[in-house]
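Observations on the three-dimensional arrangement
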Amino acid sequence: MSDRRHPLPEGPDGPEGPDGPARTGRPDDSGGPDGSGGSDGSRTAHGSHDARAGRGTGEGRRSGGAAGRWRRFGESPFLPATVLSLLIAVAAGLFAGSYTYVMADPTPRRFPVAVVGATESAAAHRERAEAFADAVGEDLRSSLELHEYPTAAAAGEALESQQVFAVLRIPAGPDREQPVLEVSSASGASVAELLTEAARSVGEETGLRVAVRDAKPLDPGDPRGLALFYVTLAAVVTGFIGAIQMSVHARDLNPSERIAFTAAYSLLGGFAIAAAVDWLLNAVDFPFVHSWMILALTMFTSGMVFTMFQALIGRWAMLPTWGLMVLIGNPSSGGAVSWPLLPSLLGTVGRWLPPGASVNAQHTAVYFPDHLHVQPYLVLTAWAVVSCAVFWIRRHRHPGGRDGGS
């Protein structure tokens, strides 16, 4: 027989009493002690509390959600991409505006002109020169600055040294020959063109007939005198683009190596520019090594200017580089529009920026090799040295590099 015991129904106080489940004083699913469904009431009370809590949590989530989205946006690549999109649009407008402001309608200022033949003993000749200068100045809405020279050789020397833009020769006898205006396209093609047009216009209107000759013409392959501006623009732009690419694709270069490779691609790039314009296109007859070194120094300076700004302000280095070298530097360089036609402030500032210094050095090397000026070379060298020094001092912020490198 089995001694297994079967459970017997418990008494009235047990769970299976005759009256059903025993009441223990705790609310259950069938009702509370008063028979009014205490469990439902408790559930209703808790539901009301949960609803109020839910509304509060939703409002907090909504208010915190906006801040969270902004925080996530600020930490994402979308913020710099958005900022760059806006900055590029602004830069495009400024780029077009700066070149249009300078080149679309150049305004004559003052033209220094040498005068030969208007001596104290020839008052009539002086009056003729001044009358011609006044008429030309009125036609150009500017003024000619007349500088008297005792001999034609002295006036020619002033033209060669770029102290004047033209020479006005007054003949000894007004009935023998007409006055001659010698312009210099090599000194500034835009200035020479304006002076030529004004002299002819004034001659027709006033009867002060003046013959015009070009004493210093441009190379036949560059009749507008723009080749030097374009080669400088190429050196400036490729100089800092090369530095940008170095920072992206050669990040492991240490600071000293970065400077060395900037110099290396500058030497190669300067050679390529000079060879293309001179040997391939035959546009300008460069003094090859001299022009090559100017272009290489320009590229190096431009690349190191970007590298300096990168060490100072990081990823936004392109902004001051573009503004300094392209928006301001190239239009004010005097390459496309000569100095006397530039707005006075730009004409002054442009001489002290790398693009203007490069154009000035190249222009003198090509057309006035016997009268070189040291100022443009000092400007380029100063910008290069300062940029290298700042980069070296701030080299701990160099983006990349290798451990143990300098």
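Residues numbered from 1 in each chain as written. Predicted model: local features only at pLDDT ≥ 70, side-chain atom pairs only at ≥ 80, totals over all residues. Heavy atoms only, no water.

Here we take up the nonpolar core. One finds Val284, Phe286 and Tyr367 to be the most contacted residues of the largest nonpolar core, which totals 36 residues. At the level of secondary structure, the elements contributing two or more residues to this core comprise helix 6 (227-249), helix 7 (255-280), helix 8 (288-313), helix 9 (318-329) and helix 11 (354-367). Looking at this core element by element, the count peaks at nine residues for helix 6. When near neighbours in sequence (up to four residues on either side) are disregarded, Val284 contacts Asp219, Asp222, Ala227, Leu228, Val277, Asp278 and Val366. Counting 29 residues, the second-largest nonpolar core is a separate cluster that includes Phe111, Ala129, Ala133 and Trp339. (Core = buried A, V, L, I, M, F, W, Y, C linked by side-chain atoms within 4.5 Å. Buried < 20%, exposed > 50% of the residue type's maximum accessible area, 1.4 Å probe, protein only. Helix = DSSP H or I, 4+ residues; strand = E, 2+ residues; numbered from the N terminus. Contact = heavy atoms within 4.5 Å.)

To continue, consider the environment of Ile393. Within the secondary structure layout, Ile393 lies in helix 12 (residues 375-393). Along the sequence, Ile393 and Met308 sit 85 residues apart, while their C-alpha atoms lie 9.8 Å from each other.

Our next topic: the sheet that holds strand 5 (residues 211-214). Taken in spatial order, the five strands line up as 2-1-3-4-5 in an open sheet, and their pairing is mixed. Strands at the two margins of the open sheet, each flanked by one partner only, are strand 2 (143-149) and strand 5. Strand-to-strand twist in this sheet, taken as the mean axis angle between neighbours without regard to direction, amounts to 25 degrees. In the sheet, strand 1 (residues 110-116) pairs with strand 2 via seven bridges, with the strands oriented parallel. Counted as the bridge partner of Val113 is Leu146 from strand 2. Set on the sheet, helix 4 (residues 152-160) makes contact with strand 1, strand 2 and strand 3 (166-169); between it and strand 3 the angle comes to about 160 degrees. (Pairing = 2+ DSSP bridges. Axes fitted to C-alpha atoms, helices over the stretch in contact; angles between N-to-C directions.)

Moving on: unusual backbone geometry. Phi is positive for Gln162, which is not a glycine, with a value near 65 degrees. Structurally, Gln162 is set in the loop between helix 4 and strand 3. Given a relative accessible area of 22%, Gln162 falls into the partly exposed group. You will see that Asn282, though not glycine, has its phi angle at about 55 degrees, which is positive. Counting through the fold element by element, Asn282 comes out in the loop between helix 7 and helix 8.

Take the packing of aromatic side chains next. Inspection of every chain in the model, using the stated rule, returns eight aromatic pairs. When the ring of Phe240 is compared with that of Trp322, the centres are 6.4 Å apart and the planes differ by 80 degrees; the resulting orientation is edge-to-face. Placement of Phe240 in helix 6 and of Trp322 in helix 9 is noted, with a sequence separation of 82 residues between them. Exposure remark for Phe240: the relative accessible area of 1% places this residue in the buried category. An aromatic cluster is built from Phe271, Trp279, Phe288 and Trp292, whose rings are joined through pairwise contacts. (Phe/Tyr/Trp six-rings, centres within 6.5 Å; stacked < 30°, edge-to-face > 60°.)

With 26 residues, helix 7 extends 36 Å between its outermost C-alpha atoms, agreeing within 8% with the 38 Å of an ideal straight helix rising 1.5 Å per residue. Downstream of helix 7 by a residue or two, Asn282 has a phi angle that is positive, lying close to 55 degrees. (Expected span 1.5 Å × (residues − 1).)

Turning our attention to empty space enclosed by the protein. Any empty space left between the atoms is revealed when a probe the size of a water molecule rolls over them. Scanning all chains against the criterion turns up one cavity of 30 Å³ or more. In this structure, the largest cavity occupies an estimated 60 Å³ of space. Counted by class, the lining of the largest cavity contains six nonpolar, no polar and one charged residues. (1 Å grid on protein atoms, 1.4 Å probe; cavity = no way out; pocket = protein on both sides within 12 Å on 5 of 7 lines; lining within 4 Å. Points joined across faces, edges and corners; volume = space filled by probe spheres on them. Nonpolar A, V, L, I, M, F, W, Y, C, P; charged D, E, K, R; others polar.)

Taken together, Leu267, Val289 and Met293 make up a surface patch of nonpolar side chains, about 260 Å² in accessible area. Mapped onto the elements of the fold, Met293 is located in helix 8. (Patch = residues over 30% accessible without salt bridge, like charges linked within 9 Å, V, L, I, M, F, W, Y side chains within 5 Å. Areas by Shrake-Rupley, 256 points an atom, 1.4 Å probe, with all protein chains shown as cover. Salt bridge = Lys/Arg side-chain N within 4 Å of Asp/Glu carboxyl O.)

Now for the side chain of Thr298. Following the sequence through the fold, Thr298 ends up in helix 8. What Thr298 contacts, discounting residues up to four positions off in sequence, is Ala235, Val236, Ser358 and Leu380.

Here we come to the confidence of the model for the chain. For the chain, per-residue confidence averages 81 on the pLDDT scale, and residues scoring 70 or more make up 77% of the total. Every residue in residues 41-45 is under pLDDT 50, and counting partners more than four places away or in other chains gives zero contacts. (pLDDT = per-residue confidence, 0-100.)

Moving on: the layout of surface pockets. If you add up the space inside the largest pocket, you get close to 790 Å³. Along its surface, the largest pocket is lined by 41 residues, and Gly188, Ser190, Gly334, Val337 and Ser338 are the ones closest to its centre. Those elements that place two or more of their residues in the lining of the largest pocket are helix 3 (123-140), helix 5 (189-206), helix 6 and helix 11. Split by residue class, the lining of the largest pocket holds 20 nonpolar, 14 polar and seven charged.

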